[in-house]
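# Structure at a glance
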Amino acid sequence: MIKPKTEVEIELLRENAILVSKTLAEVGKAVAPGVTTKELNRVAETFIRDNGAIPSFLGFEGFPAAICASVNDVVVHGFPSDYVLKEGDVVSADIGTLYKGYNGDSAYTFPVGEVDAKTRKLLDVTKASLYKGIETAVAGARVGDIGYAVQSYVESYGFSVVRELEGHGIGTEMHENPGVPNFGRQGRGTHLVDGMVLCIEPMVNAGGKAVYLARNGWAVHTADHSKSAHYELTVVVRKGHAEQLSTFDFIEKDGTINF
Ligand code: MG
Ligand code: MG
């Protein structure tokens, strides 16, 4: 039995979600050819700590940094490094916060300078698939409805969904039940109830769905070394709609949001 969040808990999750959304925007401003992924990590960690929060990924199961920085064929869990971003790369930043005992967790894949048309399409389709998933995350639906919505949209463009990793509930723990796979069958899986808070996070490969784990035990790569994209938002399941707690507006519509 998964306990829905109270409105008080949802407000604490919202504070985290907004902080993590703003942190992603700070990282986005720093993304450019010539910048290292370590520098992106520094920007994020500084911003999170300046806002009185803790970068929750740092030390999580031994993860060595504040953010995951996953470049090109790295799907998720890349270590920030001395790698210098170059024109045409993509870099996914996945960021977590811990603030007032609750968690934030969101991700965005940034193009570095100009990317080729197929890569641009991969980013657009992956992000759109996230919104397709969010649309289905309403009270009375089931987890499989989210996965089905993501998968069917992604595959209609010839891209593929990673099976080994999934979204999740969030609360006082970064990863709570239910798991939220990005593939599935309609009408199957956990029932969604009003007040459940979910992180939905499609991971989509330009090529095949197969992945492998790097020798460091963390970075997940596409088996065919095609590029991969990852977008993640946190939503509250409500009656008739899903309410977004995190947002990409700070990235995409800088200056238009009041908070
Ligand atoms: Mg994440
Ligand atoms: Mg997550």
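One structure accompanies this document, and this report is about it.

Scoring rules and cut-offs
Residues numbered from 1 in each chain as written. Chains lettered and ligands numbered in written order. Predicted model: local features only at pLDDT ≥ 70, side-chain atom pairs only at ≥ 80, totals over all residues. Heavy atoms only, no water. Helix = DSSP H or I, 4+ residues; strand = E, 2+ residues; numbered from the N terminus. Rg over C-alpha atoms; globule rule 2.2 N^0.38 Å. Buried < 20%, exposed > 50% of the residue type's maximum accessible area, 1.4 Å probe, protein only. Contact = heavy atoms within 4.5 Å. Lys, Arg positive; Asp, Glu negative; His and termini not counted. Charge placed at Lys NZ, Arg CZ, Asp CG, Glu CD. Expected span 1.5 Å × (residues − 1). Polar contact = N/O pair within 3.5 Å; in protein donor to acceptor, adjacent residues only side chain to side chain. Core = buried A, V, L, I, M, F, W, Y, C linked by side-chain atoms within 4.5 Å. Pairing = 2+ DSSP bridges. Axes fitted to C-alpha atoms, helices over the stretch in contact; angles between N-to-C directions. Donors = N, O, S within 2.8 Å, 3.2 Å for Na, K, Ca; no water. Phe/Tyr/Trp six-rings, centres within 6.5 Å; stacked < 30°, edge-to-face > 60°.

Along the backbone of the protein chain there are 5 helices and 15 strands. For 259 residues, the compact-globule estimate of 2.2 N^0.38 gives 18 Å, and the protein chain sits close to it at 17 Å. Oriented by its inertia axes, the alpha-carbon framework of the protein chain measures out at about 45 × 40 × 40 Å. In the protein chain, which comprises 259 residues, the proportion classed as buried is 55%. Excluding contacts between residues fewer than 6 apart, the proportion of contacts in the protein chain whose partners are at least 24 apart in sequence is 69%. Treating the 25 positive side-chain charges of the protein chain as one cloud and the 33 negative ones as another, the clouds have centres 4 Å apart.

Here the focus is helix 3 (residues 117–136). Spanning 20 residues, helix 3 covers 29 Å between terminal C-alpha atoms, matching the ideal 28 Å at 1.5 Å per step. Every buried residue of helix 3 is accounted for by Thr-119, Leu-122, Leu-123, Val-125, Thr-126, Lys-127, Ser-129, Leu-130, Gly-133 and Ile-134. Residue Asp-116 occupies the N-cap position of helix 3, its side-chain oxygen lying 3.1 Å from the main-chain nitrogen of Lys-118.

It is worth spelling out the nonpolar core at this point. With 55 residues, the main nonpolar core has Leu-40, Val-91, Leu-192, Leu-198 and Ile-200 as its most contacted residues. Ignoring anything within four residues of it in the chain, the contact list for Ile-200 reads Leu-130, Gly-133, Ile-134, Ala-137, Ile-146, Val-180, Tyr-231, Glu-232, Leu-233 and Val-235. Core analysis: the next-biggest nonpolar cluster, separate from the first, contains 10 residues, Tyr-102, Ile-170, Val-197 and Val-236 among them.

Turning to the sheet that holds strand 11 (residues 211–213), a few remarks are in order. Strands sit in the order 3-12-11 across an open sheet of 3 strands; the sheet is antiparallel. Edge positions in the sheet fall to strand 3 (74–76) and strand 11, since each has one partner strand and no second. In this sheet, neighbouring strand axes are inclined to one another by 40 degrees on average, regardless of whether the strands run parallel or antiparallel.

What follows deals with the coordination of the magnesium ion (ligand 2). Protein ligation of the magnesium ion (ligand 2) involves Asp-105 (OD), His-168 (NE2), Glu-201 (OE) and Glu-232 (OE), the donor distances falling in the range 2.1 to 2.2 Å. Between consecutive donor residues of the magnesium ion (ligand 2), the sequence gaps follow D-x62-H-x32-E-x30-E.

Looking now at the coordination of the magnesium ion (ligand 1). Tetrahedral metal sites with four donors have an ideal angle of 109.5 degrees; octahedral sites with six donors have ideal angles of 90 or 180 degrees. Binding of the magnesium ion (ligand 1) to the protein goes through Asp-94 (OD), Asp-94 (OD), Asp-105 (OD) and Glu-232 (OE), at separations of 2.0 to 2.6 Å. Taken in sequence order, the residues that donate to the magnesium ion (ligand 1) follow the motif D-x10-D-x126-E. A separation of 3.1 Å is found between the magnesium ion (ligand 1) and the magnesium ion (ligand 2), which share Asp-105 as a coordinating residue. Placement of the pair is Asp-105 in strand 5 (residues 102–111) and Glu-232 in the loop between strand 13 (228–230) and strand 14 (233–237), with a sequence separation of 127 residues.

The next thing to look at is the pairing of strand 2 (residues 67–71). Taken across its 5 residues, strand 2 has 5 buried, putting it largely inside the fold. Every second residue of strand 2 is oriented toward a common face, with Ile-67, Ala-69 and Val-71 on one face and Cys-68 and Ser-70 on the other, all of them buried. Pairing between strand 2 and strand 4 (residues 90–99): 5 bridges, direction antiparallel. The residue bridging Ser-70 from the neighbouring strand is Ser-92, located in strand 4.

A separate point is the packing of aromatic side chains. The tally for this structure, following the rule as stated, stands at 7 aromatic pairs. Ring geometry for Phe-63 against Phe-79: centres 5.4 Å apart, planes inclined by 80 degrees, an arrangement best described as edge-to-face. Placement of Phe-63 in the loop between strand 1 (54–55) and strand 2 and of Phe-79 in the loop between strand 3 and strand 4 is noted, with a sequence separation of 16 residues between them. Overall, Phe-63 belongs to the buried group, its relative accessible area being 3%. Ring geometry for Tyr-108 and Tyr-231: centres 4.9 Å apart, planes at 80 degrees, overall edge-to-face.

So, on to the sheet that holds strand 10 (residues 203–205). Strand order in the open sheet formed by 3 strands is 6-10-13, with antiparallel pairing between adjacent strands. Two strands bound the open sheet, and with one partner strand each, they are strand 6 (160–161) and strand 13. Pairing analysis gives 3 bridges linking strand 10 to strand 13, with the strands arranged antiparallel. When the bridges of strand 13 are listed, Asn-205 appears paired with Ser-228. Across the face of the sheet, helix 3 comes into contact with strand 10 and strand 13 while running at roughly 35 degrees to strand 13.

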